[in-house]
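These are the residues of each chain, in order.
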Amino acid sequence: MKRPKLKKASKRLSCSKRYKIQKKVREHNRKLRKDAKKKGVSKRVKKDPGVPNSAPFKEEILREAEQRRLQIEEEKQRKRQAKKEERAQKRKKEKEVSSKETEPKAKKARQDEVVKHSEKPTAADKSSQTYLCSELNKVIDASDVVIEVLDARDPLGCRCPQLEEAVLQRAGNKKLLLVLSKIDLVPKENVERWIQCLQLEFPVVAFKASTQIQDKTVRAKKSRIVASNEVLDKSRGAACFGNRSLTELLASLANNTQNEASLRVGVVGFPNVGKSSLVNSMKGILACNAGVKRGITKSMQEVHIMKNVKLIDSPGVVASPSNPPASMALRSLQIEEGQESVLEAVRTLLKQCDKNQIMLQYNVPDFRNSLEFLTLFAKKRGYLQKGGVANTEQAATAFLADWTGAKMSYFCKPRENHSLPAYMSDAVVAEMQKGWDLNQLKRGNEETLKGVKFPNQASSIGFTSKGPTAGLLSVGDISEGKPGAAATETEAEQNNEPEQTAEEANKTEEPEEPQKAPLKSVQFQAVPIDISLSTATDDAYDFNTDFK
């Protein structure tokens, strides 16, 4: 407390207060020493006082001390380098040992033994063309009725003549039935014309699969909420049309046949035409895996839909390499196998469509080639890489997913002059139509067409079909198949060149006149100019004199 008439307050304290402060300081220091001891912190090293100035030979002592310090530093550096080299040698030995280890070989040997004993193909073998062809043949042999699923957007391109011929030539009087799937993506007039055209050869069923099929357990959980189920069933994606007509048709055929065993129905077709979706819609639950990615189904799978009817799901038909590029882009597994890039597939598809319709469908400005379209499409969808660069690979994948999945609405017009294929005749057509209730089939198709909501023809894209797609059914066909127009066309094209339209392609296919001699490249040569004359006559420069 500062007393009056004093400049500074007094520092005197009462003894009790001073002793209390000293005690607190001792306790604090003791606590710090205890914590340091627990952490293993040594005491601070006392500073070297050095050599006093009065000591004799001070400079020699300092020189010796400096030499000792340098020797200690060099020894530490040598030890550090030796440890580093030792670690490097150890890592090198570990790499050599790991490379020479027999563990991968043992794993491979064990896998070979498992394959030999169980005779079951591995995942790599299941994606091979040989395995897919063998599974398809198994489905055809085991089926009494073969359903060929056709995409309503290009039914003619989804037909495989080799498959149909194999079904007709197999023993057992097998029936062939055509199912037009994805009819909700095609204008109604186009679907009716295709049904009339295809009915001249085989019975045709119009079908629209459900895109919201769920697992049995999920459906059981959601069935407790009645209101949500009612809304879900009324939605456009959950609705399924044509399953009732197809079920009644198969049930009537199974009842007419005097066979005690259940009717085995094989579902075949190219990838992404809706085979697994058809099986799931007929069953009512998620019995088979289905998706936009091609080649999900690798082996045959049996599904009971009724007491006397059994469906057999099959892998997609392998397309022959000799098919046109557009057919290979839509219905083959070349992209998954790495034989074709997504950019080449998009390029071939864009050439079969009208540019104006593509611009309206994807809301992009005018483009010169496929690369420019993919750039605009990537910026529209937000597919950008680092620095704002358009990701054309991702845009091409999304474009193909729209066309192969159940999203893009495009259509192909049927041929006006219908003629039977070489492997069919009027007797075969009559045999294929025998046993079916055609009146019931007609009524079922009419009910299906009334219930489905079809898109407007103006909002759909006109697509040029390349005709039936050749498929592979045996190992011998795989070796014989040679890349045709697909290989030659992709090699000749470049991203910076303007693409050829469908009309120009048709013109080039016509027989041409005898070829003329190729034109030589134009070269510009410098023309000598008489400067004296030009300057003397007139100041204006006459271009006609030098560039005639």
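Right above here is the structure, for reference.
The following paragraphs examine the structure supplied in this document. (Residues numbered from 1 in each chain as written. Predicted model: local features only at pLDDT ≥ 70, side-chain atom pairs only at ≥ 80, totals over all residues. Heavy atoms only, no water.)

### Digging into the overall build of the protein chain
- For the protein chain, the helix and strand inventory stands at 25 helices and 10 strands.
- Buried positions account for 34% of the 548 residues belonging to the protein chain.
- Contacts in the protein chain between residues far apart in sequence, at least 24 positions, make up 75% of those at least 6 positions apart.
- A total of about 36,300 Å² of accessible surface is found on the protein chain, and carbon and sulfur atoms cover 52% of it. (Helix = DSSP H or I, 4+ residues; strand = E, 2+ residues; numbered from the N terminus. Buried < 20%, exposed > 50% of the residue type's maximum accessible area, 1.4 Å probe, protein only. Contact = heavy atoms within 4.5 Å. Areas by Shrake-Rupley, 256 points an atom, 1.4 Å probe, with all protein chains shown as cover.)

### Section: the sheet that holds strand 6 (residues 309-313)
- Ordered by their spatial adjacency, 6 strands build an open sheet running 3-2-1-4-6-5, and the pairing between neighbours is mixed. Whereas interior strands pair on both sides, the edge strands pair on one side only; in this sheet they are strand 3 (204-206) and strand 5 (301-304). For this sheet, the mean angle separating the axes of adjacent strands, direction not counted, is 25°.
- When strand 5 meets strand 6, the two strands line up antiparallel, connected through 4 bridges. When the sheet's bridge partners are listed, His304 is paired in strand 6 with Lys310.
- Contacting strand 4 (263-268) and strand 6, helix 5 (residues 129-142) crosses the sheet at an angle of about 150° to strand 4. (Pairing = 2+ DSSP bridges. Axes fitted to C-alpha atoms, helices over the stretch in contact; angles between N-to-C directions.)

### Looking at the pattern of salt bridges
- Applying the stated criterion across every chain yields a total of 15 salt bridges.
- Across the salt bridge formed by Arg159 and Glu201, the nearest N and O atoms sit 2.7 Å from each other. With Arg159 in the loop between helix 6 (155-158) and helix 7 (161-169) and Glu201 in the loop between helix 8 (188-198) and strand 3, the pair connects residues that are 42 residues apart, well separated along the chain. We note that Arg159, like Glu201, is buried.
- Between Lys310 and Glu302 there is a salt bridge whose closest N-O contact spans 3.4 Å. (Salt bridge = Lys/Arg side-chain N within 4 Å of Asp/Glu carboxyl O.)

### Looking at the environment of Ala290
- Residue position: Ala290 is located in the loop between helix 12 (275-283) and strand 5.
- Linking Ala290 and Val279, residues 11 residues apart in sequence, is a C-alpha distance of 9.9 Å.
- Beyond its immediate chain neighbours, meaning those up to four positions away, Ala290 contacts Ser276, Ser277, Asn280 and Ile296.

### Considering the environment of Glu165
- Take Glu165: it is sitting in helix 7.
- Between the C-alpha atom of Glu165 and that of Pro421, which follows or precedes it by 256 residues, the distance is 9.8 Å.

### Description of the nonpolar core
- Residues Leu163, Leu180 and Leu246 are the most contacted members of the largest nonpolar core, which totals 65 residues.
- Other than its neighbours up to four places away in sequence, Leu180 contacts Leu150, Ala152, Pro155, Trp194, Ile195, Leu198, Val204, Val205, Ala206 and Phe207. (Core = buried A, V, L, I, M, F, W, Y, C linked by side-chain atoms within 4.5 Å.)

### Focus on the pairing of strand 2 (residues 175-181)
- Counting buried positions along strand 2 yields 7 of 7 residues, so the element is predominantly enclosed.
- Here 7 bridges tie strand 1 (residues 145-151) to strand 2, and the two strands are oriented parallel to one another. Within strand 2, the residue paired with Val145 across the bridge is Lys175.
- Two elements, strand 2 and strand 3, share 3 bridges in a ladder whose sense is parallel. Within strand 3, the position partnered with Leu180 by the bridge is Ala206.
- In this view, the connection linking strand 2 to its parallel neighbour strand 3 by way of helix 8 has right-handed handedness. (Right-handed = clockwise from strand over helix to strand, strands pointing away.)

### Re helix 8
- Within helix 8, the full set of buried residues consists of Asn190, Val191, Trp194, Ile195, Cys197 and Leu198. Down the axis of helix 8, the smallest arc covering the buried residues is 165°, so these residues share one side.
- Summarising the contacts, the buried residues of helix 8 are in contact with strand 1, helix 6, strand 2, strand 3, strand 8 (410-411) and helix 20 (438-451). (Arc of directions from axis to C-beta.)

### Some words on the side chain of Arg159
- Residue classification places Arg159 among the buried residues on the basis of a relative accessible area of 6%.
- Here Arg159 is in contact with Glu148, Leu150, Glu164, Leu198, Glu201, Phe202, Phe270, Tyr423, Pro468 and Thr469, once residues within four sequence places are set aside.

### Here's the deal with the packing of aromatic side chains
- Going through the model one piece at a time under the given rule, you end up with 11 aromatic pairs.
- Both rings, one in Trp403 and one in Tyr410, keep their centres 4.5 Å apart while their planes meet at 25°; by these two values the pair is stacked.
- Classification of Trp403 as buried rests on a relative accessible area of 0%.
- With centroids separated by 5.6 Å and ring planes inclined at 55°, the aromatic side chains of Trp403 and Phe463 adopt a geometry described as tilted. One end of the pair, Trp403, is in helix 18 (residues 392-404); the other, Phe463, is in the loop between strand 9 (461-462) and strand 10 (471-472), and 60 residues separate them in sequence. Note on accessibility: Trp403 and Phe463 belong to one class, buried.
- Taken together through their ring pairs, the aromatic side chains of Tyr362, Phe367, Phe373, Phe377, Tyr383, Phe399, Trp403, Tyr410 and Phe463 make up a single cluster. (Phe/Tyr/Trp six-rings, centres within 6.5 Å; stacked < 30°, edge-to-face > 60°.)

### Comments concerning a positive patch on the surface
- Taken together, the side chains of Lys76, Lys79, Arg80, Lys83, Lys84, Arg87, Arg91 and Lys95 present a region of like positive charge at the surface.
- Counting through the fold element by element, Arg80 comes out in helix 2 (residues 58-100). (Patch = residues over 30% accessible without salt bridge, like charges linked within 9 Å, V, L, I, M, F, W, Y side chains within 5 Å. Lys, Arg positive; Asp, Glu negative; His and termini not counted. Charge placed at Lys NZ, Arg CZ, Asp CG, Glu CD.)

### Re helix 5
- Taking 1.5 Å of rise per residue, 14 residues should cover 20 Å, and helix 5 covers 20 Å from first to last C-alpha, within 8% of that figure.
- Tyr131, Leu132, Cys133, Glu135, Leu136, Asn137, Val139 and Ile140 are the residues of helix 5 that are buried. (Expected span 1.5 Å × (residues − 1).)

### Considering the state of the cysteines
- For the coordinates displayed, the defined rule picks out 0 disulfides.
- The closest cysteine sulfur to the non-disulfide-bonded Cys158 is located on Cys412, 8.9 Å from its own sulfur.
- When its relative accessible area of 2% is taken as the criterion, Cys158 is described as buried. (Disulfide = S-S within 2.5 Å.)

### Structural notes on the packing of helix 15 (residues 342-350) against helix 17 (residues 370-381)
- Close contact between helix 15 and helix 17 brings their axes to 9 Å; oriented N to C, the two are set at 105°. Here helix 15 lies roughly perpendicular to helix 17, going by the angle between them. Here helix 15 contributes Leu343, Val346, Arg347 and Leu350 to the contact with helix 17, which in turn contributes Ser370, Phe373 and Leu374.
- For the contact of helix 15 with helix 17, the residue count by class is 5 nonpolar, 1 polar and 1 charged. (Parallel < 35°, antiparallel > 145°, perpendicular 65-115°, else oblique. Nonpolar A, V, L, I, M, F, W, Y, C, P; charged D, E, K, R; others polar.)

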